[in-house]
Amino acid sequence: MNTSFSRKSHTLLPKIFFRKMSTSGAKDKPELQFPFLQDEDTVAALHQCKTLFILRGLPGSGKSTLAHVIVDKYHDGTKMVSADAYKIIPGSRGDFSKEYKQLDGELAAYCRRNIRILVLDDTNHERERLDQLFEMADQYQYLVALVEPKTAWRLDCAQLKEKNQWQLSVDDLKKLKPGLEKDFLPLYFGWFLTQKCSDTLRKAGQVFLEELGSHKAFKKELQHFVSGDEHGKLELLSYFEKRPPGVLHCTTKFCDYGKAPGAEEYAQQDVVKKSYTKAFTLTISALFVTPRTTGARVELSEQELQLWPNDVDKLLAESLPRGSRAHITLGCAADVEANQTGLDLLEIVRQEKGGSRGEEVGQLSRGKLYSLGKGCWMLNLAKKIEVKAIFTGYYGKGKLVPTHGSRKGGGLQSCTII
């Protein structure tokens, strides 16, 4: 790789240059057609989230321009970390371990400060490097948005040779290209609630568990939750010990990084691409409890159903109405996997389809309580809860990682991605 270069100075241009560029006719520029730039509902929702924008693309493709536009759009509470600032030559990560350590230190420092919008400007073409960033996002409970420039020349190495500031040759650029030609798929796609909405729904779920645990009808059915030799009141908050520590989410498509059946086809849908990083308003119609899980039932709109896969609303050989499985996991009992929540909801829907909606046993603070049998309970909300959520992907490993709490002096806690 050619390292004898004279750096061009566009990264040192005054900030007003980028501001002028980003605000003049931005809505008409095809390369700036992203929900997080054009949709004001999305902009408002992202102000209530912690989001790490990971820009990726070949040198000269427009990443730095896009990074400055994002920073300009969100103003305060936004920080950009750029590989250019550390004089890191694209494609030579092994030669810049010291610089990357410094870059990651800067990024982690902003994460610890809970900066709302973080923008990382680098090629990010290697899986190993991305995995490091996803782990950091897990650790500090940030949403991830993988963003690539939409410029017409983004993969044209001949044009990029003239545009990149590092004077990289066409051959240099071609070596970086394979890692950027294919979309990087997440573990799963889904709607991720804003922090405020997560807190609101989590609190509603906790109140439901407290009221249900004290209800006389529930106390008569304790055998579904505890063994016969255990007596007294069951603390449901303790029973569902596995709870999501960060923001809550509603999964749409499990992709397993592209290995799951139908993952590639789902990700390539036009509606999925256009909706990525866009804000939606999800409607919660009910809360439910089974001996295994507790969750919130999500009522999808016609627009949201466009993002819903065709093959997930099945229980054994029986197909149920589209969107039946839409839920938000609020907690799981010990040794229960989070995907059980959706299966539990499908069983409830199957009963409803068969004409059994359960027995109304009382009124709780948020609505009517129904006993569905076998330790299953449904609270139909008198007033449905609306929550703001961002459609994006979860790219981490879904494993236990040390998680930094946002409260001062808070220690590390276990994080199970649910």
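Residues numbered from 1 in each chain as written. Predicted model: local features only at pLDDT ≥ 70, side-chain atom pairs only at ≥ 80, totals over all residues. Heavy atoms only, no water.

Some words on the overall build of the protein
- Helix and strand content of the protein: 16 helices and 16 strands.
- Residue pairs at least 24 apart in sequence account for 75% of intrachain contacts in the protein once pairs closer than 6 positions are excluded.
- Counting every atom, the protein has about 20,000 Å² of accessible surface; 49% of that belongs to carbon and sulfur. (Helix = DSSP H or I, 4+ residues; strand = E, 2+ residues; numbered from the N terminus. Contact = heavy atoms within 4.5 Å. Areas by Shrake-Rupley, 256 points an atom, 1.4 Å probe, with all protein chains shown as cover.)

Description of the environment of aspartate 76
- For aspartate 76, the location among the structural elements is in the loop between helix H4 (63-74) and strand E2 (78-82).
- Aspartate 76 gets classed as exposed once you look at its relative accessible area, which sits at 71%.
- A C-alpha to C-alpha distance of 9.3 Å links aspartate 76 and isoleucine 115, two positions 39 residues apart in sequence. (Buried < 20%, exposed > 50% of the residue type's maximum accessible area, 1.4 Å probe, protein only.)

A short note on the environment of isoleucine 117
- For isoleucine 117, the position within the fold is in strand E3 (residues 117-121).
- Its relative accessible area of 1% is what places isoleucine 117 among the buried residues.

Here we look at the packing of helix H5 (residues 97-112) against helix H6 (residues 127-139)
- Across the interface, H5 lies against H6 with an axial gap of 11 Å and an inter-helix angle of 25°. Classified by the angle their axes make, H5 and H6 are roughly parallel. H5 and H6 meet at a crossing whose hand is right-handed. Of H6, the residues touching H5 (which contributes Tyr100, Leu103, Asp104, Leu107, Ala108 and Cys111) are Arg129, Gln132, Leu133 and Met136.
- Classifying every residue of the contact of H5 with H6 by side-chain character gives seven nonpolar, one polar and two charged. (Axes fitted to C-alpha atoms, helices over the stretch in contact; angles between N-to-C directions. Parallel < 35°, antiparallel > 145°, perpendicular 65-115°, else oblique. Left-handed = near helix turned anticlockwise from the far one by under 90°. Nonpolar A, V, L, I, M, F, W, Y, C, P; charged D, E, K, R; others polar.)

Here we look at the environment of glycine 393
- Relative to the assigned elements, glycine 393 resides in strand E14 (residues 376-394).
- Taking relative accessible area as the criterion, glycine 393 reaches 4% and is therefore assigned buried.
- With residues near it in sequence (within four places) discarded, glycine 393 still touches Val144, Pro186, Tyr188, Phe189, Phe192 and Tyr276.

Description of the pairing of strand E11 (residues 327-332)
- In terms of burial, E11 is a largely internal element, six of the six residues being buried.
- Where strand E8 (residues 293-299) lies against E11, five bridges are found, and the strand directions are antiparallel. The residue bridging threonine 293 from the neighbouring strand is cysteine 332, located in E11. (Pairing = 2+ DSSP bridges.)

Details of the pairing of E3
- For E3, a buried count of five out of five residues is recorded, marking the element as mostly surrounded by other parts of the structure.
- Neither face of E3 is left uncovered, since the one carrying Ile117, Val119 and Asp121 and the one carrying Leu118 and Leu120 both have all their residues buried.
- Bridging between strand E1 (residues 51-55) and E3 involves five bridges; their strand directions are parallel. Bridging from a neighbouring strand, isoleucine 54 pairs with leucine 120 of E3.
- Regarding the hand of the β-α-β motif, the stretch spanning E2, H5 and E3 is right-handed. (Right-handed = clockwise from strand over helix to strand, strands pointing away.)

Focus: the packing of aromatic side chains
- Tallied over the entire structure, the rule returns 16 aromatic pairs.
- Seen from their ring centres, phenylalanine 34 and phenylalanine 36 are 4.9 Å apart, and the 20° between their planes marks the pair as stacked.
- The class for phenylalanine 34 is buried, based on a relative accessible area of 8%.
- Residue phenylalanine 36 is classed as buried on the basis of its relative accessible area, which comes to 1%. (Phe/Tyr/Trp six-rings, centres within 6.5 Å; stacked < 30°, edge-to-face > 60°.)

Overview of the pattern of salt bridges
- Going through the model one piece at a time under the given rule, you end up with 18 salt bridges.
- Here lysine 73 and glutamate 40 are joined by a salt bridge, their closest N and O atoms 3.0 Å apart. Taken together, the residues lysine 73 in helix H4 and glutamate 40 in helix H3 (residues 40-46) connect sequence positions 33 residues apart.
- Connected via shared salt-bridge partners are Arg93, Glu126 and Glu128. (Salt bridge = Lys/Arg side-chain N within 4 Å of Asp/Glu carboxyl O.)

Here we look at the side chain of aspartate 121
- Tracing the backbone through its elements, the reader meets aspartate 121 in strand E3.
- Within the local environment of aspartate 121, its side chain forms a polar contact with the side chain of serine 64, the two groups lying 2.7 Å apart. (Polar contact = N/O pair within 3.5 Å; in protein donor to acceptor, adjacent residues only side chain to side chain.)

Some details on the side chain of serine 61
- Mapped onto the elements, serine 61 comes out in the loop between E1 and H4.
- A distance of 2.6 Å separates a polar atom in the side chain of serine 61 from the backbone oxygen of leucine 58.
- What serine 61 contacts, discounting residues up to four positions off in sequence, is Pro149, Thr151, Trp153, Arg154 and Leu160.

What about the confidence of the model for the protein?
- Averaged over all residues, the pLDDT of the protein equals 89, while 87% of them reach at least 70.
- For the stretch residues 1-24, pLDDT sits under 50, and the model shows 41 contacts to residues farther than four places along the chain or on other chains.
- pLDDT under 50 marks residues 405-418. Its contacts with residues more than four places away, or in other chains, come to 34 contacts. (pLDDT = per-residue confidence, 0-100.)

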